[in-house]
Amino acid sequence: MDLTYTDEEEAFRARLREWLAAELPTLPAKPSPGDWPGRRAYDTGWQRRLHDAGYGDVHWDASPTTRLIFLEETERAGAPYVGANFVGLLHAGPTIAAEGSAAQRDRWLTPVLRGDEVWCQGFSEPDAGSDLAALRTRAVRDGDSYVINGSKIWTSHAEVADWCELLVRTDPDAPKHRGITWLAMPMDTPGITVRPLRTLAGSTEFAEMFLDDVRVPVGNRVGDENDGWRVTMVTLSFERGTAFVGEVVACRRVLGELAAHARKSGRWDDAVLRRELALLSAEFSALWRLTQWNVSEAQASGGVPGVGGSVFKLRYSHARQRLYDVAARVLGGAGALDTGQEWTLDRLSSLSYTIAAGTSQIQRNIVAERILGLPKGAKSMNGSKGTKGRGGR
């Protein structure tokens, strides 16, 4: 692992830092959390600014180390996150860049980078959440189109999306991992019904999606027919390997704010609380080093993150939950229950991190089988029998 930066990379950091300092004060006010059309406009407007300044393609065309610097500096500066555009920028876009044809890259990548088009993710299903390979949404070839019937759940940002990265079953007789196809589906296609779902935090960024005789052109298939599981592993490697990088920086910032709040409120006198804050600081410092290791590995292997992303995702999701448990203690009862506070919303959101992008049980199985070389079906590191699932083998 190379933890040093080249002169060129440090020059990129300096230019970006200077641009952020000049640009961020000119941003409009943030829309309310529940205003998703407004949030889409805000998030894509920021993406357009990045594009026009020459930073729009940093997620794909830059080296992994440059992407790391970009995410580190934008988070430290308090710049907007990718928000409603996260599926396109961090999942679908990198997958198309790695697996799509030249025509597909020309069609889909620039609109994402300019903030013109937003994507959602149509992976999970009501009866196949963690067990992603058990999906049953069916696609039948009819000439130059696939006719799709089925339903999806937890479809991120479906209510404001233009496109959906969609997994469908094209061969029901094949083993479940081998009969899946990855499609790009226009969200204005007839037959699509979207019903927003309200989360514990009161947000509606997830939705149910029902597909009734939806026709998607065969030309929108990324990869070969029935090779969608392999393409999906590329998507999930980005989702686990690099998509959380900025959040590690954010958590380290939150730790500093918690420490300052504890000193001001007098809770800093609690030795147990100080110890927990110190342990979390060490944990997130180690996660940052693990991030650098994963980025170095990705750079050496051509840009696609490896299975080290599962180690990172497993540790990070639990560390984030512990962080906001400690935040509740620092804030006290009134502060922790104030639903108008960002702390409270982040704490509620953190509960989903051991499920999103593959459950912790699935990550343990991946680590056991693909890193430690344990046989399939062996006991995973939490002592339970291994199970197949989202991102499993």
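That block above? That's the structure.
Residues numbered from 1 in each chain as written. Predicted model: local features only at pLDDT ≥ 70, side-chain atom pairs only at ≥ 80, totals over all residues. Heavy atoms only, no water.

A. Just helix α2 (residues 36–52), in detail. Helix length check: α2 (17 residues) gives 24 Å between terminal C-alpha atoms against 24 Å at 1.5 Å per residue, within 8%. Of all the positions in α2, only W36, G38, R40, Y42, D43, T44, W46, Q47 and L50 are classed as buried. G54 occupies a position one or two residues after α2 and carries a positive phi of about 95°. (Helix = DSSP H or I, 4+ residues; strand = E, 2+ residues; numbered from the N terminus. Expected span 1.5 Å × (residues − 1). Buried < 20%, exposed > 50% of the residue type's maximum accessible area, 1.4 Å probe, protein only.)

B. Quick peek at the packing of aromatic side chains. All chains considered together, the criterion is met by eight aromatic pairs. For the ring pair W108 and W119, a centre distance of 6.0 Å and an interplane angle of 85° mean the geometry is edge-to-face. One end of the pair, W108, is in helix α5 (residues 102–113); the other, W119, is in strand β1 (residues 119–122), with eleven residues separating them in the sequence. Its relative accessible area of 0% is what places W119 among the buried residues. The residue whose ring lies beneath R39 is W36, and the NZ or CZ to ring-centre distance is 3.9 Å. Above the plane of the ring of Y146 lies R141, whose end atom (NZ or CZ) is 5.9 Å from the centre. (Phe/Tyr/Trp six-rings, centres within 6.5 Å; stacked < 30°, edge-to-face > 60°. Lys NZ or Arg CZ within 6 Å of the ring centre and 35° of its normal.)

C. A look at unusual backbone geometry. Positive phi, close to 60°, is recorded for H157, a residue that is not glycine. With respect to the helices and strands, the residue H157 is situated in the loop between β3 (145–152) and β4 (163–169). Taking the relative accessible area as the measure of exposure, H157 reaches 4% and is therefore buried. The phi dihedral of D213 is positive, around 50°, even though this residue is not glycine. Of note, D213 is situated in strand β7 (residues 206–217).

D. Expanded view of the environment of G93. In this structure, G93 sits in helix α4 (residues 86–99). Take G93: its relative accessible area is 3%, and that puts it in the buried class. Once the C-alpha coordinates of G93 and E165 are considered, the two residues, 72 residues apart in sequence, prove to be 9.6 Å apart. Residue contacts for G93: discarding those within four places in its chain leaves W60, V87, G88 and L109. (Contact = heavy atoms within 4.5 Å.)

E. How the structure looks around the environment of G266. Along the polypeptide, G266 turns up in the loop between α7 (245–265) and α8 (271–300). Residue G266 is classed as partly exposed on the basis of its relative accessible area of 35%. Each C-alpha atom of the pair G266 and V330 lies 9.5 Å from the other, and the pair is 64 residues apart in sequence.

F. Structural detail: the nonpolar core. Ranked by internal contacts, the top residues of the largest apolar core, which has 25 residues, are I96, W108, W119, L167 and W182. Tallying contributions element by element places α4 first for this core, with five residues. Not counting chain neighbours up to four residues away, the residues in contact with L167 comprise G122, F123, L132, L135, T137, K152, I180, T181, W182 and T232. (Core = buried A, V, L, I, M, F, W, Y, C linked by side-chain atoms within 4.5 Å.)

G. Representation of the pairing of strand β5 (residues 180–186). Burial runs high along β5: seven of the seven residues are buried. Residues I180, W182, A184 and P186 line one face of β5 and the alternating positions T181, L183 and M185 line the opposite face, and both faces are buried. In the sheet, β5 pairs with strand β8 (residues 221–222) via two bridges, with the strands oriented antiparallel. Of the residues in β8, the one forming a bridge with L183 is R221. (Pairing = 2+ DSSP bridges.)

H. Representation of the state of the cysteines within the structure. According to the stated counting rule, one finds zero disulfides in the structure shown. C120 carries a free sulfur, and the closest cysteine sulfur to it, the one in C164, is 3.8 Å from it. (Disulfide = S-S within 2.5 Å.)

I. Just the packing of α4 against α5, in detail. Packing of α4 against α5 leaves a shortest axis separation of 10 Å and a crossing angle of 160°. Taken as axis vectors, α4 and α5 run roughly antiparallel relative to one another. Of the two elements, α4 crosses α5, and the hand of that crossing is left-handed. Counting all contacts with α4, which are made through G88, L89, G93, I96 and A97, the residues of α5 involved are Q104, R105, W108, L109, V112 and L113. (Axes fitted to C-alpha atoms, helices over the stretch in contact; angles between N-to-C directions. Parallel < 35°, antiparallel > 145°, perpendicular 65-115°, else oblique. Left-handed = near helix turned anticlockwise from the far one by under 90°.)

J. Looking closely at the pattern of salt bridges. In the structure shown here, the tally under the stated rule is 22 salt bridges. Here D52 makes a salt bridge to R48, at a shortest N to O gap of 3.3 Å. With D52 and R48 both in helix α2 and four residues apart, the pair spans about one turn of that helix. Residues D270 and R329 are paired through a salt bridge, measuring 3.5 Å at the closest nitrogen-oxygen approach. Note that D270 is positioned in the loop between α7 and α8 and R329 in helix α9 (residues 308–336), a separation of 59 residues in sequence. Taking relative accessible area as the criterion, D270 reaches 31% and is therefore assigned partly exposed. (Salt bridge = Lys/Arg side-chain N within 4 Å of Asp/Glu carboxyl O.)

K. Broad picture of helix α3 (residues 64–76). Over its 13 residues, α3 extends 18 Å from the first C-alpha to the last, a length consistent with the 18 Å expected when each residue adds 1.5 Å. In terms of burial, α3 is largely enclosed, as twelve of its 13 residues are buried. Turning to α3, its buried residues number three or more, namely P64, T65, T66, R67, L68, I69, F70, L71, E72, E73, T74 and E75. Positioned one or two residues after α3, G78 has a phi angle of 80°, which is positive.

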